[in-house]
Amino acid sequence: MCGIFGYVGNKNSVDIIFSGLKKLEYRGYDSSGIAVVIDKELQIRRSVGRLCNLKSNLLKSPMSANIGIGHTRWATHGKPSEKNAHPHMDPTKSIVIVHNGIVENYGKLRTELLKCEWEFKSETDTEIIAHLIRRCYKNNLFNAVQKALCKVKGSYALGVLCKYESDKIVCAKQDAPLIIGVGKGENFIASDVTALLPYTRDMIFLEDGDIAEVSAEKIVVKDIKDGIKNREIKNIQWNAAQAEKDGYKHFMLKEIFEQPRAIENTFRGRIYPETGRICIEEAKLKEEDIRSLSNIYIVACGTSYHAGLASKFLFENFTKIPTEVDIASEFRYRTPILNEKTLIIVISQSGETADTLAALKLAKSKSCQTLAVCNVVDSSISREAKYTVYTHCGPEIGVASTKAFTSQLAVLYLLAFDWAYKRGKLTKEKLKEYLKELWEIPLKISKFLKNTESLQTLAKEFMNKKDFLYLGRHVNYPVALEGALKLKEIAYMHAEGYAAGEMKHGPIALIDESIPILAIAVKSEVYKKIVSNIEEVKSRGGSVVVVASESDKEIVTKSDYTIYVPEVDEFISPLMTVIPLQLLAYYIAVFLGCDVDQPRNLAKSVTVE
Ligand code: AGP
């Protein structure tokens, strides 16, 4: 998730673009840049790090022009660096672009373009689009962008300038947000409303497949096949705070609702259900290494640890590799049996968690193979691990991790299925079935998120309870732990996640009518077992909320409240069952007036031990 901004009008575009990027910095902040056209030549200033570095760069070598585009980056391909910062030019320095999104077929396109002896200056997928547009350019920028985008597979919000047509910006949208700000004698493009509000409330929300030509006095929107699109100009009444959260009350709620897109983007370019292909470029483990692995340790903290716990079921069930999951702060102080046939998988949204980094270093000292699952490109953990597979969920601002958790699961599931197939433990047919299931998850989550009123009612019912018990079995036991953690960290309520089968070994003594129990009982091999656990707690007076599969009509006879979720394969169900638990904790915290995005005593990244 990056931020793009463009301006064309009668003012100095550089100042306006910089201010626009400042408003978009929360979307990405590892590098930034601005490009303008001055006397029919392109000029670019780019800097690595926060936007203040670009400001110093601009003060050192100022630019002034009436047209320009800018970008603040959240790296997905190519580490944060000046050469990977946007904007990117083609080799003839005639075309310059800024891009938010992922080019799925960039490997193939890059190979084709390299045959033309055009050198690439960066490691990004974006630069390829600049090359393609230049190759299609025949004195009409709009047509060149149309032709180039016919070759691109993936997501994009694009801003394009051409030194031969210095009165217009061409922009395009596919699976990434892009808005045109309509001014008087000036027009703007931006990734979201936040950056446009200081200049205009009149906006055109481009739709997938739209390509627009934006000059100071005119806006033309067409589709990739040249059909004119009449897009409505909307007048937006949000204030700045509402805009930064896209209209949501908190970043956490926004990020819960971003999960379908976050998972889609994490899968993008990595899975092909119709052919049963998985290609995780970054996980370059050799096939013979995958086949000869003796055991896996998954090491992480907090929510990332819960993602690791859930993935253990897949690694063991599908790859047949013995898999242990450890809390990083424990792992590093015990004497785990490690050797060069051990693979250590560390999971970290921030890539900066001190205990996880220390555990990784311990593993490397024992010659283990190391793979990190991170959300921040070029973070300390990603630099330390031999391989890093990135989640592509964009910056997670809320301290309570939500979209990072489901994106981590998405990556871990792909690794498990990929290695199971490569180890001959999963047939191509079964692999295709599971990839199809995964591919449908974003839609199923979106379907569930369309109606959350019942969760708000439940939250009102439980907001004054003192204790909560979350029960789960098998792959949903870690989800029970995660649901309890969410409630603890944002509503400051005592909540415990428990393996449902453990209840009769002590915790059932806790049960009385004052303690709500949340049980995850979706259709699975252990369904009957968890239902009997539900009956056990019911018989002792506890009120039970059940997360159940939408086809399960019997469960209502066992539960006091039933939260139905779309049917998914049991191994993949954590991607679905965690959503209601995230929302329930969120609504309870809101009703209690807690600081949801910045809960007391917590930091987004625990960089100290
Ligand atoms: C989860 O909501 C918390 N923010 C916390 O448990 C977090 O998951 C943990 O600190 C690990 O952070 P990391 O993923 O950045 O390593």
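The numbers attached to residues start from 1 for each chain and follow its sequence in the written order. It should be noted that, the model being predicted, local features are given only for residues of pLDDT at least 70 and side-chain atom pairs only at 80 or more, the latter also being counted only at that level, while totals for whole chains, interfaces and linings use all residues. Note that water and hydrogens are dropped before the side-chain values are worked out from all heavy atoms of the structure.

## Brief notes about helix α15 (residues 403-422)
The periodicity of an α-helix, 3.6 residues per turn, causes residues three or four positions apart to be oriented the same way.
Moving on, step 1. Every helix listed is a DSSP run of H or I at least four residues long, and every strand listed is a run of E at least two residues long, numbered separately from the N terminus. One less than the number of residues in a helix, times 1.5 Å, gives the span that helix is expected to have. If you check α15, its first and last C-alpha atoms are 29 Å apart, about what 20 residues at 1.5 Å a residue would give, namely 28 Å.
Moving on, step 2. By the criterion of burial, α15 is predominantly enclosed, with 18 of the 20 residues buried.
Moving on, step 3. Gly424 sits one or two residues past α15 and shows a positive phi near 70°. Buried means the residue's accessible area, taken with a 1.4 Å probe over protein chains only, is under 20% of the maximum for its type, while exposed means over 50%, and partly exposed covers the values in between.

## Regarding empty space enclosed by the protein
Moving on, step 1. Of the grid points, spaced at 1 Å and generated over the protein atoms alone, those admitting a 1.4 Å probe that cannot get out make up cavities, while open sets with protein on both sides within 12 Å along at least five of seven lines make up pockets; any residue with an atom within 4 Å of a point is treated as lining. Grid points are joined across faces, edges and corners, and a volume is the space filled by probe spheres set on the points. A full pass over the atoms with the stated rule returns one cavity of 30 Å³ or more.
Moving on, step 2. Quantified by volume, the largest cavity comes out at close to 70 Å³.
Moving on, step 3. For the largest cavity, the full set of lining residues is Arg473, His474, Val475, Asn476, Ile520, Ala521, Val522, Ser524, Val526, Ile530 and Glu570.
Moving on, step 4. Here the lining of the largest cavity is composed, by residue class, of six nonpolar, three polar and two charged. Residues are sorted three ways: Asp, Glu, Lys and Arg are charged, Ala, Val, Leu, Ile, Met, Phe, Trp, Tyr, Cys and Pro are nonpolar, and all the rest, Gly among them, are polar.

## Considering the pattern of salt bridges
Moving on, step 1. Salt bridge, as used here: a side-chain nitrogen of Lys or Arg that lies within 4 Å of a carboxyl oxygen of Asp or Glu. All chains considered together, the criterion is met by 40 salt bridges.
Moving on, step 2. In this structure, Glu112 and Lys108 form a salt bridge, with 3.4 Å as the shortest nitrogen-oxygen distance. Of this pair, Glu112 and Lys108 both sit in helix α3 (residues 106-114), four residues apart, which is roughly one turn of that helix.
Moving on, step 3. For Lys108, a relative accessible area of 55% puts it in the exposed group.
Moving on, step 4. The partner of Asp226 in a salt bridge is Lys222, with the nearest N and O atoms 3.4 Å apart.
Moving on, step 5. On the basis of relative accessibility, which here comes to 38%, the residue Asp226 falls in the partly exposed class.
Moving on, step 6. Each of Glu104, Asp175, Glu264 and Arg268 takes part in a single network of salt bridges with overlapping partners.

## A look at the nonpolar core
Moving on, step 1. Here the nonpolar core consists of buried residues drawn from Ala, Val, Leu, Ile, Met, Phe, Trp, Tyr and Cys, with membership extended through side-chain atoms lying within 4.5 Å. In this structure, Ile345, Leu371, Phe417, Trp419, Leu438 and Ile588 are the most contacted members of the largest nonpolar core, which totals 95 residues.
Moving on, step 2. Among the elements that line this core, the one with the most residues is helix α20 (residues 574-591), at 13 residues.
Moving on, step 3. When residues no more than four places from it in sequence are discounted, the contact partners of Phe417 are Ile278, Leu314, Phe318, Leu426, Leu431, Tyr434 and Leu438.
Moving on, step 4. If you look at the next biggest cluster of nonpolar residues, it comprises 28 residues, including Leu109, Tyr137, Val152 and Ile211. Any two residues whose heavy atoms approach within 4.5 Å at even a single point are treated as in contact.

## Things to note about the sheet that holds strand β14 (residues 234-235)
Moving on, step 1. At least two DSSP bridges between two strands are needed for those strands to be called paired. What the eight strands build is an open sheet, ordered β3-β2-β4-β1-β10-β9-β11-β14; its pairing is antiparallel. Because the sheet does not close on itself, it has two edges, and the strands there are β3 (41-48) and β14.
Moving on, step 2. As defined by bridge partners, strand β9 (residues 179-182) adjoins strand β11 (residues 202-205) across three bridges and the pair is classed as antiparallel. By the bridge assignment for β11, Gly181 is matched with Met203.

## Topic: the site of the ligand
Moving on, step 1. We call a residue near a molecule or strand whenever a single non-hydrogen atom of that residue lies within 4 Å of it. Close to the ligand lie 15 residues, the nearest being Ser304, Ser348, Ser350, Thr353 and Glu489.
Moving on, step 2. Thr303 places a main-chain nitrogen or oxygen 3.1 Å from an oxygen atom of the ligand.
Moving on, step 3. Within the side chain of Glu489, one N or O atom sits 2.5 Å away from an oxygen atom of the ligand.
Moving on, step 4. Contact with the protein chains hides 91% of the accessible area of the ligand, taken as 410 Å² for the molecule alone. In protein, a polar contact requires one atom able to donate a hydrogen and another able to accept it; more generally it is a pair of N or O atoms within 3.5 Å, and residues adjacent in sequence count only if both atoms are side-chain atoms. Values of accessible area rely on a 1.4 Å probe in the Shrake-Rupley scheme; residue burial ignores everything except the protein chains shown.

## Digging into the pairing of strand β10 (residues 187-190)
Moving on, step 1. Judged by which residues are buried, β10 turns out to be covered on both faces: Asn187 and Ile189 on one side and Phe188 and Ala190 on the other are all buried.
Moving on, step 2. Bridge analysis of strand β1 (residues 3-8) against β10 gives four bridges, and the strand direction is antiparallel. Note on β10: the bridge partner recorded for Phe5 is Ala190.
Moving on, step 3. Judged from the four bridges that link them, β9 and β10 form a sheet pairing that is antiparallel. Among the inter-strand pairings, Ile179 is bridged to a residue of β10, identified as Ala190.
Moving on, step 4. Hairpin connection of β9 to β10: four residues between the antiparallel strands, including Gly185 at a positive phi of 75°.

## Thoughts on the packing of α15 against helix α16 (residues 428-449)
Moving on, step 1. Whenever a helix is involved, its axis is fitted only over the stretch in contact; in every case the axis is a line through C-alpha atoms, and angles between N-to-C directions fall within 0 to 180 degrees. In the contact formed by α15 and α16, the axes pass within 10 Å of each other and the chain directions differ by 170°. Taken together, the axes of α15 and α16 are roughly antiparallel relative to one another. For the pair formed by α15 and α16, the contact residues are Tyr413, Leu414, Phe417 and Tyr421 on the first element and Lys428, Leu431, Tyr434, Leu435 and Leu438 on the second.
Moving on, step 2. Of the residues that constitute the contact of α15 with α16, the class distribution is eight nonpolar, no polar and one charged. Throughout, the term roughly parallel applies to angles under 35 degrees, roughly antiparallel to angles over 145, roughly perpendicular to angles from 65 to 115, and oblique to all others.

## Concerning the sheet that holds strand β19 (residues 342-348)
Moving on, step 1. Here five strands make up an open sheet; going across it, the order is β18-β17-β19-β20-β21 and the pairing parallel. Bordering the open sheet on either side are β18 (323-327) and β21 (387-390), each of which pairs with just one other strand. Going from strand to strand, the sheet's axes swing by 20° on average, the running direction of each strand aside.
Moving on, step 2. As paired elements, β19 and strand β20 (residues 369-374) share six bridges and run parallel to each other. In the strand pairing of β20, Leu343 is matched with Gln369.
Moving on, step 3. Contacting β17 (295-300), β19 and β20, helix α13 (residues 354-365) crosses the sheet at an angle of about 165° to β19.
Moving on, step 4. Where α15 meets the sheet, its contacts fall on β17, β19, β20 and β21, and the angle it forms with β19 comes to roughly 160°.

## A look at unusual backbone geometry
Both trends apply: most residues other than glycine have a negative phi, and most peptide bonds are in trans.
Moving on, step 1. With an omega dihedral of 5°, the bond running from His86 to Pro87 counts as a cis peptide bond.
Moving on, step 2. Note that Pro87 resides in the loop between β4 (67-73) and β5 (88-89).
Moving on, step 3. The residue Asp226 is not glycine, and still its phi comes out positive at about 85°.
Moving on, step 4. Following the sequence through the fold, Asp226 ends up in the loop between β13 (219-223) and β14.
Moving on, step 5. Here the phi dihedral of Tyr492 falls at roughly 55°; this positive angle occurs in a residue that is not glycine.

## Observations concerning the environment of Ile204
Moving on, step 1. Relative to the elements of secondary structure, Ile204 occurs in strand β11.
Moving on, step 2. Measuring from C-alpha to C-alpha, the distance between Ile204 and Arg231 comes to 6.5 Å, with 27 residues separating the pair along the chain.
Moving on, step 3. Once residues lying within four places of it in the same chain are set aside, the contact partners of Ile204 are Leu178, Ile179, Ile180, Val182, Ile219, Arg231, Glu232 and Ile233.

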